[in-house]
Amino acid sequence: FSTLKYGTYVLEEVLPPDGYALNDTNEDPNANRHTFTVGGANATPDAALELEITNRLRAYQILLEKQDESTGSLLEGAVFDVLDGEGRVLDTLITGSNGKDASVLLAAGSYTLRETRAPEGYALPMQDFTVVLGPEAADENNMVPVILDNTDRGYTLRLLKVAAEDETKRLPGA
């Protein structure tokens with residue numbers, strides 16, 4: 001702004017920089033309004049007035065949903081670590097009876113989901129899953145939904161036929 005006249009002004013932020021969020025107006029309805037005064041008895045002509053406005057990084061959450069690959073039934077008891085690019089565990093998710101869990105707030109970026117324990121009766125996947133958090137993937141609540149399938153272990157049944165009078169005697173060809 002140049003050549004503002006003496007007086008009191010209100011600067012209202014309506015659109016934050018990319019990757020940042022507006023301040024929370026639930027706590028303070030005027031959180032994005034900044035009042036300042038130009039001039040006054042002690043003002044120096046042509047002096048620059050600086051305003052410092054702080055924005056917080058926009059944060060996202062992973063909303064994990066674990067389901068059976070064949071039936072779509074939601075699965076309880078899957079355990080996942082959320083890792084950053086350096087391989088550090090930032091959070092651990094455990095799906096509840098609704099098959100879901102949400103991560104802590106995370107900055108935009110790429111994260112790895114590593115399943116460390118499959119639900120009972122299901123196989124642990126062989127690969128990790130990459131999740132990219134950002135405005136393109138998030139819903140209106142900054143949640144990024146991730147639906148992952150689990151495959152049933154698929155047990156093999158081996159039948160052994162024995163003689164009724166002697167259970168140690170195997171019956172071939174039965």
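Here is what the cut-offs are and how they apply
Numbering of residues starts from 1 in every chain and runs along the sequence as written. Residues qualify for local features only when their pLDDT is at least 70, as the model is predicted, and side-chain atom pairs are given and counted only at 80 or more; totals for whole chains, interfaces and linings, by contrast, use all residues. As a rule here, side-chain values come from all non-hydrogen atoms in the structure, and water together with hydrogens is ignored. Going along the chain from the N terminus, every DSSP run of H or I of four or more residues is numbered as a helix, and every run of E of two or more is numbered as a strand. Only protein chains enter the accessibility calculation, which uses a 1.4 Å probe; a residue whose area is less than 20% of its type maximum is buried, one above 50% is exposed, and one in between is partly exposed. Every residue pair with non-hydrogen atoms within 4.5 Å of one another is taken to be in contact. Think of a nonpolar core as a cluster: buried Ala, Val, Leu, Ile, Met, Phe, Trp, Tyr and Cys residues, connected wherever their side-chain atoms sit within 4.5 Å. Here Asp and Glu are counted as negative and Lys and Arg as positive; His is not counted, and neither are the chain ends. Salt bridge, as applied in this entry: a Lys or Arg side-chain nitrogen positioned within 4 Å of an Asp or Glu carboxyl oxygen. Two N or O atoms form a polar contact when they lie within 3.5 Å of each other; inside protein one atom must be a possible hydrogen donor and the other a possible acceptor, and for residues adjacent in sequence the pair counts only when both atoms belong to side chains. Pairs of strands are assigned from DSSP output, requiring at least two bridges between the strands. For every element, the axis is a line fit to its C-alpha atoms; helices are fit only across the contacting stretch, and the angle between N-to-C directions ranges from 0 to 180 degrees. Aromatic rings from Phe, Tyr and Trp, with only the six-membered ring used for Trp, were paired whenever their centres fell within 6.5 Å, and each pair was classed as stacked if the ring planes differed by under 30 degrees, edge-to-face if by over 60, and tilted otherwise.

Q: Explain the overall build of the protein chain residue by residue, including any values.
A: When helices and strands are tallied, the protein chain shows zero helices and 12 strands. Element order for the protein chain, N to C, with α for helix and β for strand: β-β-β-β-β-β-β-β-β-β-β-β. Every one of the 174 residues in the protein chain was classed for burial, and the buried ones make up 29%. Considering only contacts in the protein chain between residues 6 or more positions apart, those separated by 24 or more positions represent 60%.

Q: Account for the nonpolar core, with residues named and values stated.
A: By size, the foremost hydrophobic cluster in this structure holds 17 residues, and its most contacted members are Ile-62, Phe-80, Leu-113 and Leu-133. Of all the elements in the fold, those that place two or more residues in this core are β5 (59-68), β6 (79-83), β10 (109-117), β11 (129-133) and β12 (143-150).

Q: An account of the side chain of Asp-81 is requested, with residue identities and associated values reported.
A: Mapped onto the secondary structure, Asp-81 falls in strand β6. For the buried residue Asp-81, which engages in no salt bridge, the nearest side chain bearing the opposite charge is Arg-114, 6.3 Å off. Polar contacts involving the side chain of Asp-81 include one to the side chain of Thr-92, which spans 3.0 Å. Residues within four places of Asp-81 in sequence aside, it is in contact with Val-89, Asp-91, Thr-92, Thr-112, Leu-113, Arg-114 and Thr-116.

Q: So what's going on with the sheet that holds β6? Residues and values would help.
A: Strand order in the open sheet formed by four strands is β7-β6-β10-β11, and the pairing between neighbours is antiparallel. Each end of this open sheet is capped by a strand with a single partner; those strands are β7 (89-94) and β11. Mean inter-strand twist for the sheet, computed between neighbouring axes without regard to direction, equals 30°.

Q: Tell me what's going on with unusual backbone geometry, and back it up with residues and numbers.
A: Unlike most non-glycine residues, Asn-142 shows phi in positive territory, near 65°. As for its placement among the helices and strands, Asn-142 is situated in the loop between β11 and β12.

Q: Just give me the short version of the packing of aromatic side chains, but keep the residues and values in it.
A: Under the criterion given, the structure shown has one aromatic pair. Between Tyr-9 and Phe-36 the ring centres are 5.7 Å apart and the planes differ by 20°, which places this aromatic pair in the stacked class. Here Tyr-9 is found in strand β1 (residues 7-12), whereas its partner Phe-36 is found in strand β3 (residues 33-38), with 27 residues between them in sequence. Tyr-9 gets classed as partly exposed once you look at its relative accessible area, which sits at 25%.

Q: Kindly report on the pairing of β7, identifying the contributing residues and their values.
A: Two strands pair when backbone bridges link them, and β6 and β7 are joined in this way by five bridges, in the antiparallel orientation. Along β7, the bridge assignment pairs Phe-80 with Leu-93. With antiparallel pairing between neighbouring strands as the criterion, β6 and β7 make up a hairpin whose turn holds five residues, including Gly-87 at a positive phi of roughly 85°.

Q: Tell me about the pattern of salt bridges, residues and numbers included.
A: Applying the stated criterion to the full structure yields five salt bridges. When the shortest N-O distance is used, the salt bridge between Glu-12 and Arg-33 registers 3.2 Å. With Glu-12 in strand β1 and Arg-33 in strand β3, the pair connects residues that are 21 residues apart, well separated along the chain. Judged by its relative accessible area of 45%, Glu-12 falls in the partly exposed class. Salt-bridge contacts for Arg-88 lead to Asp-84; the nearest nitrogen and oxygen are separated by 2.8 Å. A residue is classified by how much of its surface remains accessible, and Asp-84, at 13% relative accessible area, is buried.

Fair warning: the whole summary comes from geometry, so function is off the table for now.
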